[in-house]
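For reference, the chains in residue letters:
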Amino acid sequence: MGLKLPIYLDYQATTPCDPRVVEAMLPFFTETFGNPHSRQHAFGWAAEEAVEQAREQVAAIIGAEPKEIIFTSGATESNNLALQGVARLYKAKKNHIVTVVTEHKCVLDSCRQLEEEGISVTRLGVKPSGLIDLDELAAAIGPQTVLVSVMAVNNEIGVIQPLAEIGALCRSRGVFFHTDAAQAVGKMALDVNAMNIDLMSISGHKFYGPKGIGALFLRRRPRVRLQAMMLGGGQERGHRSGTLATPLCVGLGEACRIAAVEMPAEALRLAGLRARLLDGLVGRLKHVEVNGDLDRRIPGNLNVSFGYVEGERLLAEMKDIAVAAGSACSSASTEPSYVLRALGVDAELAFASLRIGLGRTTSVAEVDYAIDHIVDAVSRLRERSPLWGMFREGIDTRVKTWAGN
Ligand SMILES: *Cc1c(COP(=O)(O)O)cnc(C)c1O
């Protein structure tokens, strides 16, 4: 068949760098190596020009102004800076923030830290779809609320929160709206003005850019201020000191340029592959449950649970495909995914779940191989599972009894 094994199907964890991105970065390691903040000579100017072009490319993909983009080391740093930076700066006037239980750990941990500092935090639950209830959000916002932080796309289940509605609500109530868009940028159309987004976190390695670079969009009109966390030379308008990594900035810019061009066609292609994957699984296996809203979801994500399968064994059976299980993300923990639990998925099913991420290099042949692989593994595990045996006997007994009456 000529497939290279194992097959990578974990695009929500990270993506390979696009070769075009690497190509664009290379000259900035060796030839154009100047410090982009050196204003006194041509080496610095050349690096600065490259960084500023990258800033324009990042701004363009979300409809922002280049001056509104701060380069960071990734979405973890952007989220830390957005939440802690805003909360600390406005603390004397307003001391309440609203977020959601299914956010990435870096958002939740920042909130916990802020609570230690006297900020109060409301954590909204989600519906079984994984989406928040807008009425609940409206009710949670009060006169002390400074910031609402709701992720654009969830990293486990891929569902898209109603960003425009949240943005409109926040704007009408005079509250800043931050969104962690690590899983959204390059996958779906985003417009910070149409959606009334005030701060947005971006990660390079989630959309074929390099690891170790990201950005924070920080609105200038109406102006959002924040307390810097990294102090020093005052780079990035004083919001984030430190010499910019020119090659990484260039790589992030190129990743944005490519995504902006290829997104519409790629989204359709991935939607087709995901439909094929889901049809293949539900066509050949019983008791397959999709976790989270299937339609309001980025096309490259599928998260499914398999009934009557022991979760711990499931991942061990995935020898030829690289996927994430329902206990992933909290390394070495035996807790089921807190995201799936928040949807109301029971612990057993949360353990027996797979997050399958499709991306730019995923082919039809790979999807077909994955279907066969998963169907075989689940069938094998069910044959060995006492639960499955009991379930089938239950059915058989019931049928017999009924027929006998
Ligand atoms: C990956 C991810 C992050 C962290 O991004 P890094 O750039 O790896 O720090 C934050 N939030 C979400 C939703 C993510 O998927």
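Residues numbered from 1 in each chain as written. Predicted model: local features only at pLDDT ≥ 70, side-chain atom pairs only at ≥ 80, totals over all residues. Heavy atoms only, no water.

S.K.: Go over the overall build of the protein chain, please, and point to the residues and values.
M.R.: When its secondary structure is counted, the protein chain shows 13 helices and 13 strands. In terms of C-alpha radius of gyration, the protein chain reaches 23 Å, essentially the compact-globule figure of 22 Å for 405 residues. Viewed in the frame of its principal axes, the protein chain has a C-alpha envelope of about 90 × 55 × 35 Å. Looking at the protein chain residue by residue over its 405 residues, the buried ones come to 53%. Across the protein chain, the fraction of contacts at a sequence separation of at least 24, relative to all contacts at a separation of at least 6, is 74%. For the protein chain, the distance from the average position of its 44 positive side-chain charges to the average position of its 46 negative side-chain charges is 3 Å. (Helix = DSSP H or I, 4+ residues; strand = E, 2+ residues; numbered from the N terminus. Rg over C-alpha atoms; globule rule 2.2 N^0.38 Å. Buried < 20%, exposed > 50% of the residue type's maximum accessible area, 1.4 Å probe, protein only. Contact = heavy atoms within 4.5 Å. Lys, Arg positive; Asp, Glu negative; His and termini not counted. Charge placed at Lys NZ, Arg CZ, Asp CG, Glu CD.)

S.K.: Could you give an account of the sheet that holds strand S9 (residues 288-290), naming the residues involved and the relevant values?
M.R.: Spatially, the four strands line up as an open sheet ordered S9-S10-S13-S12, and their pairing is antiparallel. Of all strands in the sheet, those with a lone pairing partner are S9 and strand S12 (324-325), marking the two edges. Of the pairings in the sheet, the one linking S9 to strand S10 (residues 301-306) comprises three bridges and is antiparallel in character. Following the sheet pairing, Val290 is matched in S10 by Val304. Helix H8 (residues 246-284) contacts S9, S10 and strand S13 (353-357) of the sheet and is inclined by roughly 10° relative to S10. (Pairing = 2+ DSSP bridges. Axes fitted to C-alpha atoms, helices over the stretch in contact; angles between N-to-C directions.)

S.K.: Please set out the nonpolar core residue by residue, giving values where relevant.
M.R.: If you look at the biggest cluster of nonpolar residues, it comprises 62 residues, and the most contacted ones within it are Ile62, Val148, Leu190 and Met200. Not counting chain neighbours up to four residues away, the residues in contact with Leu190 comprise Ile61, Ile62, Gly63, Leu163, Ala181, Ala184, Val185, Met195 and Met200. Residues Leu277, Ile321, Leu358 and Ile374 belong to the second largest nonpolar core, which totals 30 residues. (Core = buried A, V, L, I, M, F, W, Y, C linked by side-chain atoms within 4.5 Å.)

S.K.: Residue-level account of the pairing of strand S6 (residues 176-180), with values.
M.R.: By the criterion of burial, S6 is predominantly enclosed, with five of the five residues buried. Every second residue of S6 is oriented toward a common face, with Phe176, His178 and Asp180 on one face and Phe177 and Thr179 on the other, all of them buried. As paired strands, strand S5 (residues 145-149) and S6 are joined by three bridges and run parallel to one another. The partner of Ser149 across the bridge, within S6, is His178.

S.K.: Tell me what's going on with the site of the ligand, and back it up with residues and numbers.
M.R.: The local shell around the ligand holds 13 residues, among which Thr76, Asp180, Gln183, Ser203 and Lys206 are the closest. Contacts to the ligand include Lys206, whose side-chain N or O atom sits 2.7 Å from an oxygen atom. Protein contacts shield 88% of the accessible area of the ligand, which totals 380 Å² for the unbound molecule. In terms of residue count, the dominant contributor to the shell around the ligand is helix H4 (residues 75-90) (three residues). Here the residues of the shell around the ligand are counted per class, giving three nonpolar, eight polar and two charged. (Near = heavy atom within 4 Å. Polar contact = N/O pair within 3.5 Å; in protein donor to acceptor, adjacent residues only side chain to side chain. Areas by Shrake-Rupley, 256 points an atom, 1.4 Å probe, with all protein chains shown as cover. Nonpolar A, V, L, I, M, F, W, Y, C, P; charged D, E, K, R; others polar.)

S.K.: Summarise a nonpolar patch on the surface; cite the residues concerned and give the values.
M.R.: Among the surface-exposed residues, Val22, Leu26 and Phe29 lie close enough to one another that they form a single nonpolar patch of about 270 Å² accessible area. Summarising the element assignment, Val22 is placed in helix H1 (residues 19-25). (Patch = residues over 30% accessible without salt bridge, like charges linked within 9 Å, V, L, I, M, F, W, Y side chains within 5 Å. Salt bridge = Lys/Arg side-chain N within 4 Å of Asp/Glu carboxyl O.)

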